Amino acid sequence: QVQLVESRGGSVQAGGSLRLSCAASGSIVTISAMGWYRQAPGKQRELVAATGGGGGTNHLDSVKGRFTISRDVGKNTVSLQMDSLKPEDTAIYYCKAVVLSSSPWGTGDYWGQGTRVTVSS
C-alpha cells in the first residue's frame, strides 16, 4: 500500500509564513499528480494547489502570489510554502497523491492525515 505523511502545521499571526511537507512511501511505481487541499470548519474541502508530472502547477485564486507548491519527483514529496498568511487560511490541510502502485488494487488516490494551520489576526 501507499502512505502519505504530512509535516506538522502550526499557529502563526497574520502575515506570517509556514511550510508544509508531505512524503509518499510504499508500493509506488509513479505519482502522476500531488496537491494540497484544505477544509475550514463548516466548509467543503477545496483544492489549494496541485502539480502534475510535467511540472505544471495551479493555485487557488485566493492564494496566488502567497502560496507556492513544489514537488521533488525523485523523493515523492510535495511542499507548500505559505506566505502572507491570512486568518481565512485557517483550516486543516491535506496532501493528496494520485498513485500508480505496484501492489494489486493499490493504484488510486491517497490522502494524508491532515495537519492544522491556524492564523490569528
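1. Side note on the overall build of the chain
Right, on to step 1. Helix and strand content of the chain: zero helices and eleven strands.
Right, on to step 2. Starting at the N terminus, the α and β elements of the chain follow one another as β-β-β-β-β-β-β-β-β-β-β.
Right, on to step 3. Expected size for 121 residues packed as a compact globule is a radius of gyration near 14 Å; at 14 Å, the chain falls within 12% of this value.
Right, on to step 4. If you line up the chain on its principal axes, its C-alpha atoms span 50 × 25 × 20 Å.
Right, on to step 5. Residues classed as buried in the chain amount to 42% of the 121 residues present.

2. A word on the nonpolar core
Right, on to step 1. Counting residues in hydrophobic clusters, the biggest one holds 29 residues, and the most contacted among them are Leu4, Trp36, Phe67, Leu80, Met82 and Tyr93.
Right, on to step 2. Put simply, the parts of the chain that give this core at least two residues each are β1 (2-6), β3 (18-26), β4 (28-39), β5 (46-52), β7 (67-72), β8 (77-82), β9 (91-101) and β11 (115-120).
Right, on to step 3. Per-element accounting of this core gives the leading share, five residues, to β9.
Right, on to step 4. Aside from chain neighbours lying at most four places away, what touches Met82 is Gly16, Ser17, Leu18, Leu20, Arg66, Phe67, Tyr93 and Val117.

3. Here's the deal with the pattern of salt bridges
Right, on to step 1. By the definition in use, this model includes five salt bridges.
Right, on to step 2. With its nearest N and O atoms 2.8 Å apart, the salt bridge here joins Arg38 to Glu46.
Right, on to step 3. Among the salt bridges present, the one from Lys64 reaches Asp61, with a minimum N-O distance of 3.0 Å. With respect to class, Lys64 is no different from Asp61; both count as exposed.
Right, on to step 4. One network of salt bridges, in which partners are shared, links Arg38, Glu46, Arg66 and Asp89.

Calculation rules
Residues numbered from 1 in each chain as written. Predicted model: local features only at pLDDT ≥ 70, side-chain atom pairs only at ≥ 80, totals over all residues. Heavy atoms only, no water. Helix = DSSP H or I, 4+ residues; strand = E, 2+ residues; numbered from the N terminus. Rg over C-alpha atoms; globule rule 2.2 N^0.38 Å. Buried < 20%, exposed > 50% of the residue type's maximum accessible area, 1.4 Å probe, protein only. Core = buried A, V, L, I, M, F, W, Y, C linked by side-chain atoms within 4.5 Å. Contact = heavy atoms within 4.5 Å. Salt bridge = Lys/Arg side-chain N within 4 Å of Asp/Glu carboxyl O.

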